Amino acid sequence: MLSSALAVGAHAEPGGCLKYGAAGAVGGHLADHHSVLGATAGCVVGMYKRHEYRKEARMKAHLYDQEHPGAKGSYEQKATAYDVEHSTTPGAMTPSEPPHPAQPPAPAAAPAPAEHL
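What counts, and where the lines are drawn
- As a convention, each chain's residues are numbered from 1 in the sequence order in which they are written.
- Where totals are concerned, whole chains, interfaces and linings use all residues; where local detail is concerned, this predicted model gives features only for residues with pLDDT of at least 70, and gives and counts side-chain atom pairs only at 80 or more.
- Here the side-chain values reflect all heavy atoms present in the structure, with hydrogen atoms and water set aside.
- Only C-alpha atoms enter the line fits that serve as axes; for helices the fit covers just the stretch in contact. Angles between N-to-C directions range over 0 to 180 degrees.
- Strands are runs of DSSP state E lasting at least 2 residues, helices are runs of H or I lasting at least 4, and numbering of each runs from the N terminus.
- Any angle from 65 to 115 degrees is called roughly perpendicular, while one under 35 is roughly parallel, one over 145 is roughly antiparallel, and all others are oblique.
- Note on convention: the crossing is left-handed when the near helix lies turned anticlockwise from the far helix by less than a right angle, right-handed when the turn is clockwise.
- The contact criterion used is simple: two residues touch if any of their non-hydrogen atoms lie within 4.5 Å.
- Residues are grouped as follows: Ala, Val, Leu, Ile, Met, Phe, Trp, Tyr, Cys and Pro are nonpolar; Asp, Glu, Lys and Arg are charged; every other residue, Gly included, is polar.
- Throughout, a disulfide means two cysteine sulfur atoms within 2.5 Å of one another.
- The buried label applies to any residue whose accessible area, calculated with a 1.4 Å probe on protein chains only, is under 20% of its type's maximum; exposed applies above 50%, and partly exposed to all values in between.

Looking at this model, I keep getting lost on the packing of helix 2 (residues 17–30) against helix 3 (residues 35–67). Mind explaining?
At a closest axis distance of 6 Å, the pairing of helix 2 and helix 3 adopts a crossing angle of 150°. What the angle tells us is that helix 2 and helix 3 run roughly antiparallel. Considering only the axes of helix 2 and helix 3, their crossing is right-handed. Two secondary-structure elements touch here, helix 2 through Cys17, Tyr20, Gly21, Gly24, Ala25, Gly28 and His29 and helix 3 through Ser35, Gly38, Ala39, Gly42, Cys43, Val45, Gly46, Met47 and Lys49. In terms of residue class, the contact of helix 2 with helix 3 is made up of seven nonpolar, eight polar and one charged.

Shown next as structure tokens:
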């Protein structure tokens, strides 16, 4: 029962110290037995990646608040709603597919007839 309560509050975020630290430890071990150094470097990278992810989520939540004054929810929920509305992906502020033009492009003007001399 406790595991089901914990699963409800979980959300996807990039790695973090444990995930990147473990990968760094394996990489450090393979690179001349520097497991501790690799784990430390991986942990630092993981913390930075998570910081950047949360910073972007707060920016998206702020943009969502500007578009929808009085919206309720956490910054993660607002960032997800912003992603859905603007076709962006987590980790990217720009749309994942290029916008489609509203009107088809105008046909090119016909070339001027050539004068015969």
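Further notes follow.
Mind showing me how you'd approach the state of the cysteines here?
By definition, a disulfide is the covalent link that joins the sulfur atoms of two cysteine residues. Inspection of the entire model under this criterion finds one disulfide. At a sulfur-sulfur separation of 1.7 Å, the disulfide partner of Cys17 is Cys43. Residues Cys17 and Cys43 are joined through a disulfide that is left-handed, its torsion about the S-S bond being -100°. Note that Cys17 is positioned in helix 2 and Cys43 in helix 3, a separation of 26 residues in sequence. By relative accessible area, Cys17 is classed as partly exposed at 31%.

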